Amino acid sequence: MLSYDFLNLLGLWDKIFIHIDLVQKKLKDSTMNFEDAVMDLKALRDHFSGAREVLISESVEEGLSLCQEWEVEVERRRRRKKRMSSENSRDTGLTAKEEMERVMKGTLDRLNREMDDRFQRLHDTDSKFGFLLNVHGLCYCTVSKELHMQENCKKLGEFYSIDIDGQQLYEEILDCRMQISGRPNTRVVAKSFFLKSSQASSHLTSSQVKSQVI
């Protein structure tokens, strides 16, 4: 049965799912890496946060228009609210529109909290493994970025102290860079040279990213 609440929320979720679906398809791409996934998820979160009032306003207006078109009754309701110290009356009357706006704001706020949690976890994963997937950075980084790479290797070794020696990993990267530096078509060779060493990280990336999909 059609109702005012249903028609309003239908429009809101339609707007939400359109944007989520676009990002979700990108996150499922086998070539997706941590850095790009973090940026895409952050952009999605920022969109919902910045467009919050517009999404609510448009959804409410569209819902009201559909109710009028299909002759669905728009109920007038009063919602009992907990009395606040600054209130003189225990009851605060909310129209159907005001109540729907309250529900939509709560929905978007919950969505943003969930996305913040996923964004933080993905960002933490990127901070540990992301540098291993940047082949260009591994081969041609500047002095300042090389210090950053050395620090990343050190942190990775500390986090996985049983399996990884951070200093040895850094030295092996430098050794690989030295071996390919004098070869023709260096950029092509570099990509294939580091491919095997990054396969494990790529597999982890794909699994981690897909687990973060909303």
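Residues numbered from 1 in each chain as written. Predicted model: local features only at pLDDT ≥ 70, side-chain atom pairs only at ≥ 80, totals over all residues. Heavy atoms only, no water.

On average, residues of the protein score 79 in pLDDT, and 76% of them reach the 70 mark or higher. Low pLDDT, under 50, characterises residues 86-91; the predicted model gives this stretch 10 contacts beyond four residues in sequence or across chains. Every residue in residues 198-214 scores below 50 in pLDDT, and together they form 32 contacts with partners more than four places removed in sequence or on other chains. (pLDDT = per-residue confidence, 0-100. Contact = heavy atoms within 4.5 Å.)

On to helix H6 (residues 143-159), then. Taking 1.5 Å per residue as the helical rise, H6 with its 17 residues ought to reach 24 Å, and the 24 Å between its terminal C-alpha atoms agrees with that figure. All of the buried residues in H6 are Met149, Asn152, Cys153, Leu156 and Gly157. One face of H6 carries all of its buried residues, which in axial projection span an arc of 135 degrees. Exposed and facing more than 90 degrees away from the buried side of H6 are Val143, Ser144, Leu147, His148 and Glu158. Buried residues along H6 sit in contact with helix H4 (96-129), helix H5 (135-140) and helix H7 (166-181). (Helix = DSSP H or I, 4+ residues; strand = E, 2+ residues; numbered from the N terminus. Expected span 1.5 Å × (residues − 1). Buried < 20%, exposed > 50% of the residue type's maximum accessible area, 1.4 Å probe, protein only. Arc of directions from axis to C-beta.)

Counted under the stated rule, the structure contains 14 salt bridges. Of the charged contacts in the structure, one is a salt bridge between glutamate 53 and arginine 52, with a shortest N-O distance of 3.0 Å. Here glutamate 99 makes a salt bridge to arginine 102, at a shortest N to O gap of 2.7 Å. With glutamate 99 and arginine 102 both in helix H4, this residue pair falls three residues apart, about one helical turn. Given the relative accessible area of 9%, glutamate 99 is considered buried. (Salt bridge = Lys/Arg side-chain N within 4 Å of Asp/Glu carboxyl O.)

A few words now on a negative patch on the surface. A surface patch of like charges, here negative, comprises Asp165, Glu171, Glu172 and Asp175. Residue position: glutamate 172 is located in helix H7. For glutamate 172, a relative accessible area of 42% translates into the label partly exposed. (Patch = residues over 30% accessible without salt bridge, like charges linked within 9 Å, V, L, I, M, F, W, Y side chains within 5 Å. Areas by Shrake-Rupley, 256 points an atom, 1.4 Å probe, with all protein chains shown as cover. Lys, Arg positive; Asp, Glu negative; His and termini not counted. Charge placed at Lys NZ, Arg CZ, Asp CG, Glu CD.)

What follows deals with the packing of helix H1 (residues 4-27) against H4. If you want to describe how two helices pack, look at the angle between their axes and the distance between the axes. It is at 11 Å that the axes of H1 and H4 come closest, and there the two elements cross at 30 degrees. Considering the relative orientation of H1 and H4, their crossing is right-handed. Residues Tyr4, Asp5, Asn8, Leu9, Leu12, Trp13 and Ile16 of H1 form the contact with H4, whose participating residues are Ala96, Lys97, Met100, Val103, Met104, Thr107, Leu108 and Leu111. For the contact of H1 with H4, the residue count by class is 11 nonpolar, two polar and two charged. (Axes fitted to C-alpha atoms, helices over the stretch in contact; angles between N-to-C directions. Left-handed = near helix turned anticlockwise from the far one by under 90°. Nonpolar A, V, L, I, M, F, W, Y, C, P; charged D, E, K, R; others polar.)

Its location among the elements puts valine 38 in helix H2 (residues 34-50). Judged by its relative accessible area of 8%, valine 38 falls in the buried class. Residues valine 38 and glutamine 120, 82 residues apart in the sequence, show an inter-C-alpha distance of 8.8 Å. The contacts of valine 38, once residues within four sequence positions are left out, are Phe119, Leu122, His123 and Asp126.

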